Structures are given as structure tokens and as C-alpha cells.
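# Observations on chain architecture
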Amino acid sequence: MPVLDKNGAQVWRRRTSRESLVRWFGWLIGVAVFLVCWQRISEATTWFFVWDAPRIAGDIWTRATPPRWEYITQLGRPIWDTLNIATLGTLIALCLAVPVAFLAARNTTPSALFIRPIALLIIVSTRSINSLIWALLLIAIIGPGVFAGVVAIAIRSIGFCAKLLYEAIEEIDHTQVEAISATGASRWQVMAYGIVPQILPAFAGIAVFRWDINIRESTVLGLVGAGGIGLQLSSSLNVLAWPQVSLILVVILVAVVISEWVSAKVRGAII
Amino acid sequence: MSHRELDDMLGKGWRKPHFIKNPALRWALLAGFGAYLVAAVLTIDVDWARVYAGLDRGWQFILSFTRPDFVSRASDIWAGLLESIVMTVAASVVGILISIPIGLGAARNIAPLPVYVVCRGIVAVSRALQEIIVAILLVAIFGFGPLAGFLTLSFATIGFLSKLLAEDIEAMDKVQAEAIRASGARWMQWINYGVQPQVMPRLVGLSMYRIDINFRESAILGLVGAGGIGATLNTAFDRYEYDTAAAILILIIGIVMALEYLSGIIRARVQ
Amino acid sequence: MLRLNKLTKTYKTGDQALKAIDLEVPSGQVLALIGPSGAGKSTMIRCINRLVEPTGGEVWLDDLELTGLGSGALRRARRSMGMIFQEYALVERLTVMENVLSGRLGYVGFWRSFLRRYPQSDVDEAFRLLDRVGLLHMADKRADELSGGQRQRVGICRALIQNPKLLLVDEPTASLDPKTSRQIMRLITELCRERGLAAIINIHDVALAQMFVPRVVGLRFGEIVFDGQPTQLSPEMLTEIYGEEDWEATIEAIEDEEEIEAAQ
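In what follows, the accompanying structure is described. Small disclaimer: the values here were computed from a predicted structure and weren't measured.

## What about the nonpolar core?
Formed by 88 residues in total, the largest nonpolar core has its most connected members in C:Met97, C:Leu130, C:Leu167, C:Ile201 and C:Leu233. When residues no more than four places from it in sequence are discounted, the contact partners of C:Met97 are B:Trp14, C:Val123, C:Ala126, C:Phe127, C:Leu130, C:Ala139 and C:Asp140. Counting 87 residues, the second-largest nonpolar core is a separate cluster that includes A:Leu137, A:Leu233, B:Ile44 and B:Ile229.

## What to know about the interface of chain A and chain C
Each partner contributes to the interface: chain A provides 17 residues, whereas chain C provides 29 residues. In this assembly, chain A packs against chain C so that about 2000 Å² is buried in total across both faces, 62% of it on carbon and sulfur atoms. Its largest share of buried area at the contact with chain C, chain A owes to A:Thr183, A:Gln189 and A:Tyr193, together 34% of the area lost on that side. In this structure, the connection of chain A to chain C is made through one salt bridge. On the surface where chain A and chain C come into contact, there are eight residue pairs in polar contact (both at pLDDT 80 or more). Where the side of chain A that touches chain C is concerned, the elements lending two or more residues are helix 7 (174–182) and helix 8 (187–221) of chain A.

## Observations regarding the layout of surface pockets
There is about 2200 Å³ of room inside the second largest pocket. The wall of the second largest pocket is formed by 46 residues, among which A:Arg23, A:Trp27, B:Met200, B:Val204 and B:Val270 lie closest to the centre. At the level of secondary structure, the elements contributing two or more residues to the lining of the second largest pocket comprise helix 1 (17–43) of chain A together with helix 4 (74–105), helix 7 (146–170), helix 9 (187–221) and helix 11 (242–270) of chain B.

## Brief notes about the interface of chain B and chain A
Listed per partner, the contact involves 57 residues of chain B and 54 residues of chain A. Together, the buried faces of chain B and chain A total about 4800 Å²; carbon and sulfur atoms form 76% of this surface. If you sort the residues of chain B by the area they bury against chain A, B:Tyr36, B:Ile141 and B:Arg216 come out on top, with a joint share of 12%. Taken together, the links from chain B to chain A amount to two salt bridges. A salt bridge links A:Glu260 to B:Arg127, with the shortest nitrogen-to-oxygen separation between them at 3.8 Å. On inspection of chain B and its partner chain A, the count reaches nine residue pairs in polar contact (both at pLDDT 80 or more). Residue contributions to the side of chain B that touches chain A peak at eight residues, all from helix 4 of chain B. Taken together, the residues of the side of chain B that touches chain A sort by class into 41 nonpolar, seven polar and nine charged.

## Here we look at the sheet that holds strand 2 (residues 16–25) of chain C
Two modes of strand pairing occur in sheets, parallel and antiparallel, and in both the strands are linked by backbone hydrogen bonds. All names here are of chain C. Pairing within the open sheet is antiparallel, and its four strands lie in the order 2-1-4-5. Every interior strand has two partners, whereas the edge strands, strand 2 and strand 5 (64–65), have only one. Where strand 1 (residues 2–10) meets strand 2, six bridges bridge the pair, whose relative direction is antiparallel. Within strand 2, the residue paired with Leu7 across the bridge is Ile21. Across the sheet, helix 1 (residues 41–48) lies against strand 1, strand 2 and strand 4 (56–61), angled at about 120° from strand 1, the strand it touches most.

## A word on the pairing of strand 3 (residues 30–34) of chain C
All names here are of chain C. Burial analysis of strand 3 places five of its five residues in the buried class, the great majority of the element. Residue alternation in strand 3 divides its side chains into two sets, Val30, Ala32 and Ile34 and Leu31 and Leu33, and both sets are buried. The pairing of strand 3 with strand 8 (residues 198–202) spans four bridges and is classified as parallel. Residue Ala32 lies in a different strand from strand 8, and its bridge partner there is Ile201. By the bridge criterion, four bridges tie strand 3 to strand 9 (residues 215–220) in an arrangement that is parallel. Bridging across to strand 9, Leu33 finds its partner in Val217.

What counts, and at which threshold
Every chain begins its residue count from 1, and numbering advances along the sequence as written. Numbering of ligands from 1 and lettering of chains from A proceed in the order in which they are written. pLDDT decides what is reported in this predicted model: residues at 70 or higher carry local features, side-chain atom pairs at 80 or more are listed and counted, and totals for whole chains, interfaces and linings draw on all residues regardless. Side-chain metrics rest on all non-hydrogen atoms present in the structure, leaving aside hydrogens and water. Nonpolar core, defined: a set of buried Ala, Val, Leu, Ile, Met, Phe, Trp, Tyr and Cys residues in which side-chain atoms within 4.5 Å join the residues together. Only protein chains enter the area calculation, which uses a 1.4 Å probe; residues under 20% of their type maximum are buried, those over 50% are exposed, and those in between are partly exposed. Contact between two residues is taken to exist if any of their heavy atoms lie within 4.5 Å; hydrogens are not considered. Summed over both partners, buried area is the accessible surface (1.4 Å probe) that two parts give up on being assembled. For this document, the term salt bridge refers to a Lys or Arg side-chain nitrogen within 4 Å of an Asp or Glu carboxyl oxygen. Whenever two N or O atoms come within 3.5 Å, that pair is a polar contact, provided that in protein one can donate a hydrogen and the other can accept it, and provided that, for residues adjacent in sequence, both atoms are side-chain atoms. Per the convention used, a helix needs a DSSP run of H or I reaching at least four residues, while a strand needs a run of E reaching at least two, with both numbered from the N terminus. Two kinds of site are reported from a 1 Å grid over the protein atoms alone, namely cavities, where a 1.4 Å probe fits but cannot get out, and pockets, open sets with protein on both sides within 12 Å along at least five of seven lines, and residues are called lining when an atom falls within 4 Å of a point. Grid points are joined across faces, edges and corners, and a volume is the space filled by probe spheres set on the points. Note that Gly is not counted as nonpolar here; it falls among the polar residues with everything else outside the nonpolar set of Ala, Val, Leu, Ile, Met, Phe, Trp, Tyr, Cys and Pro and the charged set of Asp, Glu, Lys and Arg. Paired strands, as defined in this entry, are two strands with at least two bridges between them according to DSSP. Think of each axis as a best-fit line through the C-alpha atoms, taken over the contacting stretch in the case of a helix, with angles from 0 to 180 degrees between the N-to-C directions.

This is the structure we're talking about:
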């Protein structure tokens, strides 16, 4: 917040003229970029459909309500499958994320030069790719079904959990670790007594957090054939059975609300 | 807390007290969880023959990462990637801009009750629905193309940022804001001087995080026709063109890493 | 029983934290280490059990030379040296019993320690120690539920259950109020007397040091500048160790405190 000298009088401005210029220029570029993007989107859009949209939306709404409640009897197995995809996927991911996190944390990695970058690479690559893409990939390899869904969720979750976990490992109080080492404990004992108790709350929180997100992601994996309620969604959409679609959406909403409630409760109990 | 006589305790075994004190509850939870796991694993039918046959294809895919093919479908890749980026930028800008008023409206200590309820409602709907489901609906309403993707991501951004912004505002230091109010400032000035400086750094950080997520999401929206590189990726998988698919995945990972790096720099600057 | 032979520690930045220290501590002797911040007191203590690696010199514990030991032998050697920390360094989420028993980690295999199945003799010793420091009724409380003084007492138990020959004590009273500080110092020196332990106590409160220990070593810029009895600590001596200050006030304070002690 500089004080400037203007024609002999002292003036206070929020920014120096140079800063103002840079800011103004930055805004200009930002707006220009946005307009370019908007234009490209516009070019690729059939605006005729867009003007027709409210009518179509209204049409879908009338067809979709009321939802076809009887359909729920056919949803029992898909709901069970979705739950399993999320839970088993999260469990497998956690088992694998723990060693990866220890290899990636600066204070526990055996080799900062070789092993840590590899662990970080694993984390980045599994995080960057959506579980849906992993599902596509796995279905091409091992065929459609719930198993592909479980593995897809597991792979995606490894990166997410390992990243949060290794950040927690790097933040531990190192004097507690020092104290345990000073008693003559072996490397594994130091880990079990000095490190693990400190990261246990973080670990539990991360596990439940990811499980909650995975429930949401599992519901749509069926759209590409990886099992769960997404399969019903996909087939209902294909035949434009809107009342079924709306019922499935309601079920998904309820599942998400329940899982979020469970997640909040468990995380509250851990602290 | 009674003083236990030392002699009573000597010679008696000691066990670590359990996390869940009530043994009935503890065993019930363990047994229940065990039963669930068994049931879940049994109900997943895995066609092991198919998996085994697919492993070879899986290995081919992993190998293709060593020789990614950026060239043969270069124009498709470039067009798809550009579309994803354009969608991300436009949706992030619009999403961030709109989430500011909605975030303000969803903060109990700023907004009057009806505004609060409406804004919270919008946030809840946005967060409950998975992006891809929203994308499917918007494609049905607005037609194929990046417009639907842009709208999907904007909506998701609003839900994400508004909630976190509102939570931040609700947790802010009251005293700083009150001081501004006490000076007789109007509502807008109060927001600009009292609220904004406190939440701005976190808003910038969260926005960067959301841009990262938006880009990752934009990669899959193409699967349902909402524009972006997802469609190109899907085609590559369908055609078993693993080298191209690997190239696309590498590009996605690369861009995500670049965004993360950028986000780190910007967040450090803003703090 | 402990002999430091030209112990040196030079950091990569070029700082010489310890300059060829020679020190001998006979068995059963408690000595206090005083000196200004940055003199190298903490470094010296940590070099003895190699939490910090010395860059030169030798550390002899009875007939064992510590600086050349491999990791397995070092672990075994560390069992004979109990360490007490400034900020207690208890594992906060574990209970008092687990923290005390963790002193036996050097003697117990991984799986037994993981499953918390310590030998009954260890458990009994833990009970006895906790009773000795007056914390037996808190055996199953989590460490972070304890006050500062209580935590330090648990830290003392953890060090003692190792059955060490030597206690390395790093600023045990820095985070404690004056009354608790005195209690802790008294506890440490009494326990050393009872068990015939040698101890090196790194302490910044000169008055406390003079009250409880028979030998004081003064460190300044990584070198020993004083080694003698507390009564020999004159104001001139303290100036040499710490720098210019009104030392009369510090020393006189002891006599007042001794009167208060006697009155209690």
C-alpha cells in the first residue's frame, strides 16, 4: 500500500502505478481468454437446440414425474453391487495406499532420490485420471462387471488416500519418534509406536472421506458397464424411460445423503 | 479415580484397553463387518478365465505407455484437448463468479433467512448430483456439444465453492468485520473491507483446486456427449488403439501436474 | 563409566557445535550441564546416544565404543541409556502404561510389542515405577490427558524401565512451573541415588542445578569452560560461561529458596 509523491504532494494509492498497470493488463488478458473460450463453445453448439431447451426440459420433467416407484424392486441387487464396489474398492485402496504413502513421505522414505519420486509418480497418475476412465480401461481388458468397477475405484482411490496420508506423515511430531528410537527400538517398532499412533486419526478420517466420495462415483460406473446402479440408469436412459430414471436418481440421492451422514458422524467421533 | 494398591496389581496381567469399551458392541461390529465382507466378496461373480485372458491385453496397454502415439490421431487429440481446456476455463470463470454471491448468501452470519435457505438449497442440489448425471440431463436438454459440458462444470463449481466459501465466512473473525460495520460503512463496503480480505486467500486456493478438478472432470464428460477429450479417449479404447489412448492419458496427467504446480505457486503468492 | 574422547560435531554449514570435548563420568555420578543457548548442550547429549551423529571423536560406555557401532549393536547399546526429553516426548495417543512399557522396546521383539504382550516382569516393573512416581492410578489414561509435570514423570518411568546405566536428561524442567521443576529434579536425583545411576542433566536454571547435583559442567561455544562443584560457581565463573549479567541476584536466590524449602 504505497505512498506516492505526486507533484510535490503525498498521495496514498492502493497500488503503485506499475502494479495498477500490471493488474489492468492481467484483467484484460483474462477477459480476452474467456471470450475466446466462449466463442469456441458457441461455435460448437447448435443454438437451435438451446432455444428449444426450456420446452424440452419441461417435457422431460412431466414425463419423469411421478417416479416409477415399483421399479425399486429391481434395484435391490444393483444397490448392493454399488455399495460393494465402493466399500471393497476403498478397502483395497487403503491397503495399497499405506505403503505408498510411507514411501512418499520425506521423513519415512528409504530413498529420497529414487523411491520417493516413483511413489509420487504413482500418486499423481492414479489421482489425475477419473475412476470412470479407469473403468473404461479395465472393461476393455478384463471385461464388464462389478469386478472392473471395484478395481477402478481402488486404483483411483490409491492416489487420493496416499497423498493425504503422506502429508499427514510429514507433519508428525518428530520428538516422539526420537524418544522411541532412544530406547533402542527397531525400525518397525519405531513405526508402530512412534509414527502410526500419530497418524491414526488422519487415516480414519481419510478412509471414511474417500468411502463417501466413492459411493457417489460407484453409482455412475455402471454407465460404462462396470456394474452397480449405473447399469440400470444406462438402460433406462437408452429407452428414454424417464420415470425409471427419476426413481434411480432419487435412490442415488438418498444413498449419497446417507453416506455423507455416516461419514460426518464417524469423522466427528474420531477427533 | 481410586488409588489402586500396588500389591494388588503386581503379578496380574495387563492388556491395552480396547478402543470400543463395550465388549458386546465391539464383537457385534466386528462380526457384522466380517459377515458383510464375506457376503460382498461372494456375490461378486468374477469370470477368472476372462480376467486371465485379459491380462495379456492389460500388459499390452502398460507397454503402450512406453511408446505413446501422439501422431496418428493428432488432430483428434488436439481438438478434444482444446475443447476440454476451453470448457474448463469458461466453466471455472463463470462458476467462480457466480459462486461468490451464492456463497455470501449461504453464510448464516451475512444473509437473511430466505436468501440463506435458497442458496443452501442450490448448493445441496449441486453437490448431491454427480457431474456425469448432470451432464447426461443437460445433453438431453441442450443437445450434444461443449455447451452442456460447460454448464455441467459451472454448476458443479458453484456447489463446491459456495459451500466452502460459506463455511469460511461463517468461521471468520467477527471482530474484524464488526469494526468495519461500526465505522458506518454500507453493506457492500462492509463486504469489501471486512469480509473479503479474510476469505480471499482461501478462495483463491480453493478456486485453483476446483480448476484442477474441473479439468479432470472435463476429460470424462465427453463420454456422454458433453464435449471434451473423453469422446476421443473412448473411441481409442473401442478401436483398441492403445498407443493413442496412452498418449491421451499421458497428456491428461501432464496437464493436471502442471495445474497443480501452478496452483501451488499462486497459493504461496496469495498467502 | 562414560568417557567422551575428543567428541566433535561440525554441521554441514560449517558450524562447530562441539569442539573436541573430553569428559569423564564415573558410575553413579549425577552431573549438570549448563551453558547459554547454542552452546552445544543438547547436541552433546544427543551425540552420546547418537540421535545426532558425531563427526569426530569417541564415546566410550564402559568398554563399548559407541560411534563405530552398526545399527543393530547401536540399538542394543541404547538400551543402557535412558533419555528424558524437554517436551516429554510421550506418544500422546497412547496410554501411560504403553508409554512406560515402550521403554522396553529394545528388549522385546516386534510382534510382542505390537500386540502389547509384554512379559509379566516388565509389567510389574512398570507398575512399581508408576507407583514410585505417584501415577499408578493413571496407568490407563491417555498421555495427552496428563499435566506437564505428570507427563515428565511418565517420561522418567519410561527411561528407568530400560534398566539403564546412564540417564541422559535434556532440559527436563524447561516447560514446567518452578514448583514442579523442583519436584522433578528432586525425583530424578533421588532415583539416580536409589539405583546407582549416572546422569547428565542438561539444564538452563543454574539455581536448580546448584541445589541438586554434586558436579556442574559449563559449556560455552562447544567447549567445556568449567568443571567442578556447584559451590565453585562464582559470579565471575558464570560470567565466563554465560556472559555479563548480574549474577549476584541469581546466586543469592538459592539461599532464600533453601529457607523456603526448610520451612515447608
